[in-house]
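As a plain string of letters, each chain reads:
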Amino acid sequence: MIDSHSHIYCDAFDADRDEVVARAQAAGVRHIVLPNEGLSSVDRLQALHDRYPDYVSMAMGLHPEEVREDYADALSQLRLLFDRHRYVGVGEIGTDLYWDKTYRKQQMLALEEQLRWCVALDLPFIMHVRDSLDETLEVMEGIHEPLRGVFHSFTGSVADVERVRSHGDYYFGVNGIVTFKKSAVADILPAVGLDRLLLETDAPYLAPVPCRGKRNESAFIPYICDFVARSLGVCADEVSVRTDENANRLFRLF
Ligand SMILES: [Zn+2]
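So, here is what we can say about the structure in this document.

What follows is about the overall build of the protein. If you tally the helices and strands in the protein, you get nine helices and eight strands. Computed over the C-alpha atoms, the radius of gyration of the protein is 17 Å, within 12% of the 18 Å expected from 2.2 N^0.38 for a compact globule of 254 residues. Its C-alpha atoms give the protein principal-axis dimensions of roughly 45 × 40 × 35 Å. A total of 254 residues make up the protein; the buried ones form 56% of that total. Of the contacts formed within the protein by residues at least 6 apart in sequence, a portion of 73% connects residues at least 24 apart. Put simply, the protein shows about 11100 Å² of open surface, and 49% of that area lies on carbon and sulfur atoms.

As structure tokens, this is what we get:
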């Protein structure tokens, strides 16, 4: 199993990060992809990668909730990092209009620029979308070169899956939300299909049942894997093998 989206470099893990990594390894998680958040998380992300260079991979980008008036300056600083370090993706990027629509326009411009990085650097995007699928797809329509990437923590409908697909052959990341009682994410799994599905925790958030409400960590991936397997009527091994292949194909990990 691969945790394709985790933030275990953040301060929620400062007290026990090595134990968190050890538990992930013991739980059968063979690799973790770490997307960046903003300028202030770059050093933490790099430090975790320096400590576990073969076990974790980094993606670099500006999270939509980190986009402010000065986003262009932040982007020019982050762009320089791609010349110095190996990143497996551009992320996390996207749009988020759930709490605040103040920077809607800036979020769209920041997303557009970072999608151009994907093209120029031949890297996949890691897309965050919350209450903003229209805006996200509008920006993507402005990019005429082919893109690769994953819509992480995808909670849309089957119709939304088809809308995304009409723009490109993208992957969909599923996390602990799929295990929540009122969640409809399990309903989209057949439409997504095992060949376009990625498993993720989005740690420290969104811990799956039976750990719901606790701090999430990569060692909880098996709960998500098992739930997806039961939903699709296949064995957990198959979900594990197929989603690992997908993550490796998308991020070129191994
Ligand atoms: Zn994230």
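On we go from here.
Around the zinc ion, the donor atoms from the protein are His5 (NE2), His7 (NE2), Glu92 (OE) and Asp202 (OD), and they sit 2.0 to 2.6 Å away. One way to put it: the four donor atoms around the zinc ion meet at angles of 89 to 179°, and that makes the site irregular. Ordering the donors of the zinc ion by residue number gives the pattern H-x1-H-x84-E-x109-D. Taken as a pair, His5 in the loop between β1 (2-3) and α1 (17-26) and Asp202 in the loop between β8 (197-199) and α8 (221-232) lie far apart in primary sequence, 197 residues in all. Owing to a relative accessible area of 10%, Asp202 belongs among the buried residues under this scheme.

Here Ala203 and Pro204 are connected by a cis peptide whose omega angle stands at 15°. On the secondary structure map, Pro204 appears in the loop between β8 and α8. Of the consecutive residues Val209 and Pro210, the connecting peptide bond is found in the cis state with omega at 15°. Along the polypeptide, Pro210 turns up in the loop between β8 and α8. Of note, the phi angle at Asp202 is positive, near 60°, even though the residue is not glycine.

A word on the nonpolar core. Within the largest apolar cluster, 69 residues are counted, with the highest numbers of intra-cluster contacts made by Ile8, Leu115, Phe125, Met140, Phe151 and Val228. In terms of residues, this core owes the most to one element, helix α4 (residues 104-121), which gives six residues. In terms of nonpolar packing, the next biggest core, distinct from the first, is built from 12 residues, Val33, Ala59, Val88 and Leu198 among them.

Further remarks concern the pairing of strand β2 (residues 31-35). Taking burial as the measure, the five residues of β2 include five buried ones, the bulk of the element. Here β2 shows a buried face lined by His31, Val33 and Pro35 and a second buried face lined by Ile32 and Leu34. Sheet topology places β1 next to β2; two bridges connect them, and they run parallel. Within β2, the residue paired with Asp3 across the bridge is Ile32. Read from β1 through α1 to β2, the crossover connection turns out right-handed. Of the strand pairs in this sheet, β2 and strand β3 (residues 56-60) are connected by four bridges, and their pairing is parallel. Paired with Pro35 across the two strands is Ala59, which belongs to β3. With helix α2 (residues 42-51) bridging β2 and the parallel β3, this β-α-β connection has right-handed handedness.

Our next topic: the environment of Met58. Turning to its location among the elements, Met58 is positioned in strand β3. Other than its neighbours up to four places away in sequence, Met58 contacts Leu34, Leu45, Gln46, His49, His85, Arg86, Tyr87, Val88 and Gly89.

Moving on to the pairing of strand β5 (residues 125-130). Pairing between strand β4 (residues 89-96) and β5: five bridges, direction parallel. When the bridges of β5 are listed, Ile93 appears paired with Met127. Following the backbone out of β4, through α4 and into the adjacent parallel β5, one traces a crossover that is right-handed. As paired elements, β5 and strand β6 (residues 149-151) share three bridges and run parallel to each other. Counted as the bridge partner of Ile126 is Val150 from β6. Each parallel crossover has a hand, and the one from β5 via helix α5 (residues 133-141) to β6 is right-handed.

Below, the discussion takes up the environment of Ser4. Position of Ser4 among the secondary structure elements: in the loop between β1 and α1. Linking Ser4 and Ser218, residues 214 residues apart in sequence, is a C-alpha distance of 9.5 Å. What Ser4 contacts, discounting residues up to four positions off in sequence, is Val33, Leu198, Leu199, Glu200 and Phe251. At a separation of 2.7 Å, a polar atom in the side chain of Ser4 contacts the main-chain carbonyl oxygen of Leu199.

Definitions and cut-offs
Residues numbered from 1 in each chain as written. Predicted model: local features only at pLDDT ≥ 70, side-chain atom pairs only at ≥ 80, totals over all residues. Heavy atoms only, no water. Helix = DSSP H or I, 4+ residues; strand = E, 2+ residues; numbered from the N terminus. Rg over C-alpha atoms; globule rule 2.2 N^0.38 Å. Buried < 20%, exposed > 50% of the residue type's maximum accessible area, 1.4 Å probe, protein only. Contact = heavy atoms within 4.5 Å. Areas by Shrake-Rupley, 256 points an atom, 1.4 Å probe, with all protein chains shown as cover. Donors = N, O, S within 2.8 Å, 3.2 Å for Na, K, Ca; no water. Tetrahedral: all angles 85-135°; square planar, octahedral: opposite > 155°, others 65-115°. Core = buried A, V, L, I, M, F, W, Y, C linked by side-chain atoms within 4.5 Å. Pairing = 2+ DSSP bridges. Right-handed = clockwise from strand over helix to strand, strands pointing away. Polar contact = N/O pair within 3.5 Å; in protein donor to acceptor, adjacent residues only side chain to side chain.

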